[in-house]
Amino acid sequence: MTLDFTLNGQPVSLEGVPAAESLLDLLRHRLDLKGTKEGCGVGECGACSVLLDGKVVDSCLTPAWKAAGREVTTIEGLARDGQLHPLQESFLSAGAVQCGFCTPGMILSAQSLLSDNPDPSDEEIKIALAGNVCRCTGYHDIVLAVRRGARALRGEAPEADES
Amino acid sequence: MSRYLAPDNLAEAVAIRAQGARIVAGGTDLMISLRQARLEGQPQPELILDVTRIPELNRLELGAERPFLGAAVTFRRLKTDPEVARVYPLLAKAASMVGSVQVRQTGTIGGNAANSSPAADGVSAITALGAVALLASPRGQRELPLSELITAPNKNLLAADELIMGFWLDRLPDGAGQAFSKVGRRQAVAIARLNVAAAIAPELREVRLSVGACFPSPRRLTLVEELVMAGQPGPELWRQAGRAAATNFTDVCGWRSSAAYKVEAIARVTARTLATAWAKAGGAA
Ligand SMILES: Cc1cc2nc3c(=O)[nH]c(=O)nc-3n(C[C@H](O)[C@H](O)[C@H](O)COP(=O)(O)OP(=O)(O)OC[C@H]3O[C@@H](n4cnc5c(N)ncnc54)[C@H](O)[C@@H]3O)c2cc1C
Ligand code: FES
Ligand code: FES
């Protein structure tokens, strides 16, 4: 059986994917896309977050075959034409990246939130990121980054007095 | 070569299950057990049946004469669907307290029941709603109250060739107030140490109370329900009910010193949840 899906806008077709393989193993080991991180392996850290049809899931908890016929977006797929995605820009500018291990997952969770809710409150941002653990930063700068990215995605100018 | 099949109709799914397929819905419990098995060097399943594309399992018909909740309905849908919020707010609340956005995105009510964890929040919620599981196999369909289906921690009476289609739920009386509370180890992504679901109809015509995570499986506390129905609504009654629930816990689980915290928590959280449900039914606090 062939597993066909769209990965970051490109069609992918794979033979011989075992029934029990996780989407995380498929991405990291079969496709060598190391932007998706393996932290806990059991749904608790969110480092492995990817978008499945635009919605964030933990790829470690998702069978690879669930991707069949669907659209998978990893952190590698966010930048367009050499331009960073507005959330990637805002995470950098807000200082929300230290070791960077949690960052791909954080950004994809944030993107999933913003596609549902383009103008979330800080509280809504925190709830949306509750499944993503960061061991380095306080969450303060991450929430700030999401707020900034949201404004950029809405096409608004940056706020002057960000805190 | 192992196979992963995701049929879009029930007949095919039942036939695949009958070949000994492992079922997956969201995968949020199953993928963890498969990982564990792999780390222990045990074999991975040869045949996996994904039930999430079967129309019957995605049905959500809460306004029907006999409300039905399909097994493959996700916590995300339970949290966001306006009909759930209107008909069964306690279920919407329970769903909103499950795991993380990621877990709610794929985790299903049927997986919650089939996994049969004592701490299952969805199970606790629909137990209060009188859930009766609808099961399908090559032998046909059968119904079994959820409280009988789940027999012990992570144990149930699901046959090797059966799948859960969904759950029939009771209709609650007009104006019934509903509440759900959960005590976890931390705010997010926490497995419940205690969860309580309550529904109270105006004038105490009907009272439903289920408690999970501190019993082998979530259960209705019918003696406490009767005590409340026979009482005078108010703080004293909620306190009394909380104490009765705690006694019920020590009767079932025995008293160990490690349980002291639980006894106290059960009494307090039960009282608070009943008070909230009563207030939502329009009763004075
Ligand atoms: C980080 C994390 C946090 C969590 N937090 C919570 C929480 O707060 N509260 C809570 O209650 N749970 C929690 N869980 C547990 C889990 O998410 C739930 O139990 C969920 O409902 C499982 O559903 P699923 O669809 O993912 O099941 P799956 O993993 O797909 O399946 C679970 C089991 O049920 C069987 N199964 C699934 N569907 C059917 C069906 N229709 N018929 C027969 N058998 C079936 C499978 O074969 C498997 O044995 C958490 C899990 C993780 C990883
Ligand atoms: S690696 Fe998937 S949630 Fe931690
Ligand atoms: S930046 Fe290191 S874990 Fe978040």
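Residues numbered from 1 in each chain as written. Chains lettered and ligands numbered in written order. Predicted model: local features only at pLDDT ≥ 70, side-chain atom pairs only at ≥ 80, totals over all residues. Heavy atoms only, no water.

Residues and elements named next belong to chain B. Pairing in this open sheet of five strands is antiparallel, and the strands run E4-E5-E10-E6-E7 from one edge to the other. Lying at the two open borders of the sheet, with one neighbouring strand each, are strand E4 (60-61) and strand E7 (140-145). In the sheet, strand E6 (residues 132-137) pairs with E7 via six bridges, with the strands oriented antiparallel. Paired with Ser137 across the strands is Gly140, a residue of E7. Contacts from helix H1 (residues 10-18) reach E6, E7 and strand E10 (163-168), with the element oriented near 130 degrees to E10. (Pairing = 2+ DSSP bridges. Helix = DSSP H or I, 4+ residues; strand = E, 2+ residues; numbered from the N terminus. Contact = heavy atoms within 4.5 Å. Axes fitted to C-alpha atoms, helices over the stretch in contact; angles between N-to-C directions.)

Taken together, 36 residues are adjacent to ligand 1, and Ile23, Thr28, Asp29, Leu30 and Thr108 of chain B come closest. Neighbouring residues of ligand 1 are not confined to one chain but are distributed across chains A and B. Taking Asp29 of chain B, its side chain carries an N or O atom lying 2.6 Å from an oxygen atom of ligand 1. For ligand 1, the accessible surface in isolation is 980 Å², of which the surrounding protein chains cover 93%. Of all the secondary structure elements, the ones that give two or more residues to the shell around ligand 1 are strand E2 (22-24), helix H2 (30-39), helix H7 (109-115) and E10 of chain B. Across the shell around ligand 1, the residue classes tally to 22 nonpolar, 10 polar and four charged. (Near = heavy atom within 4 Å. Polar contact = N/O pair within 3.5 Å; in protein donor to acceptor, adjacent residues only side chain to side chain. Areas by Shrake-Rupley, 256 points an atom, 1.4 Å probe, with all protein chains shown as cover. Nonpolar A, V, L, I, M, F, W, Y, C, P; charged D, E, K, R; others polar.)

Here we take up the nonpolar core. All names here are of chain B. Core analysis: the largest hydrophobic core is formed by 64 residues, its most contacted members being Leu78 and Phe167. Beyond its immediate stretch of four places on either side in the chain, Leu78 contacts Leu60, Leu69, Val73, Val84, Leu91, Ala92, Ala95 and Ile109. Formed by 30 residues, the second largest nonpolar core is a distinct cluster that contains Ala198, Val207, Ala259 and Ala277. (Core = buried A, V, L, I, M, F, W, Y, C linked by side-chain atoms within 4.5 Å. Buried < 20%, exposed > 50% of the residue type's maximum accessible area, 1.4 Å probe, protein only.)

Moving on, we get to the domain arrangement of chain A. Residues and elements named next belong to chain A. For chain A, the assigned domains are domain 1 (2-77) and domain 2 (86-153). Here the C-alpha centre of domain 2 lies 21 Å away from the C-alpha centre of domain 1. Facing the 17 residues of domain 1 at the interface are 14 residues of domain 2. Across the interface of domain 1 and domain 2, roughly 1,200 Å² is buried in total on both sides, 60% from carbon and sulfur atoms. In terms of surface lost to domain 2, no three residues of domain 1 exceed Lys37, Leu51 and Ile75, which account for 37% of the buried area on that side. Between the two partners, domain 1 and domain 2, sit one salt bridge. The shortest N-O distance in the salt bridge between Lys55 and Asp116 comes to 2.9 Å. Summed over the shared surface of domain 1 and domain 2, the number is six residue pairs in polar contact (both at pLDDT 80 or more). The set of elements that each furnish at least two residues to the side of domain 1 that touches domain 2 consists of strand E3 (49-52) and strand E4 (55-58). (Domains from an automatic or database assignment. Buried area = accessible area lost by both parts, 1.4 Å probe. Salt bridge = Lys/Arg side-chain N within 4 Å of Asp/Glu carboxyl O.)

In many analyses, interface size is given as the accessible surface area lost on bringing the parts together. Across the boundary between the two partners, chain B contributes 30 residues, which contact 34 residues of chain A. Summed over both partners, the interface of chain B with chain A comes to about 2,300 Å²; 62% of that surface belongs to carbon and sulfur atoms. Per-residue buried area on chain B facing chain A is highest for Tyr4, Met31 and Gln102 of chain B; these three make up 30% of the total on that side. Its salt-bridge partner being Asp116 of chain A, residue Arg76 of chain B comes within 3.0 Å of it at the nearest N-O pair. On the surface where chain B and chain A come into contact, there are eight residue pairs in polar contact (both at pLDDT 80 or more). Where the side of chain B that touches chain A is concerned, the elements lending two or more residues are strand E1 (3-5), H2, strand E3 (47-50) and helix H6 (101-106) of chain B. With six residues, the top contributor of residues to the side of chain B that touches chain A is H6 of chain B. Class assignment for the residues of the side of chain B that touches chain A results in 14 nonpolar, 10 polar and six charged.

Here we come to the pairing of strand E12 (residues 192-200) of chain B. Residues and elements named next belong to chain B. Of all nine residues that make up E12, eight are buried, and the element is covered over most of its length. Here strand E11 (residues 177-184) runs beside E12; their pairing, made up of eight bridges, is antiparallel. Along E12, the bridge assignment pairs Gly184 with Ala192. In the sheet, E12 pairs with strand E13 (residues 207-212) via six bridges, with the strands oriented antiparallel. By the bridge assignment, Ala198 is partnered in E13 with Leu209.

Residue and element names in this part refer to chain B. Evaluation of the coordinates by the stated rule reveals four aromatic pairs over all chains. Between Phe215 and Phe249 the ring centres are 6.2 Å apart and the planes differ by 75 degrees, which places this aromatic pair in the edge-to-face class. In this pair, Phe215 is assigned in the loop between E13 and strand E14 (219-220) and Phe249 in helix H11 (residues 235-253), connecting sequence segments 34 residues apart. Given a relative accessible area of 3%, Phe215 falls into the buried group. Assessed through its relative accessible area of 4%, Phe249 is described here as buried. Judged by centre distance (6.1 Å) and plane angle (50 degrees), the rings of Trp238 and Trp278 are tilted. Remark: Trp278 occurs in helix H12 (residues 260-280) and Trp238 occurs in helix H11; sequence separation between them is 40 residues. (Phe/Tyr/Trp six-rings, centres within 6.5 Å; stacked < 30°, edge-to-face > 60°.)

Here the focus is unusual backbone geometry. Non-glycine residue Asp81 of chain A carries a positive phi angle of around 50 degrees. With respect to the helices, strands and loops of the structure, Asp81 of chain A is situated in the loop between strand E5 (71-73) and helix H2 (86-93). For Ser116 of chain B, which is not glycine, the phi dihedral falls at a positive 60 degrees. Of note, Ser116 of chain B is situated in the loop between H7 and helix H8 (121-128). Residue classification places Ser116 of chain B among the buried positions, given a relative accessible area of 0%.

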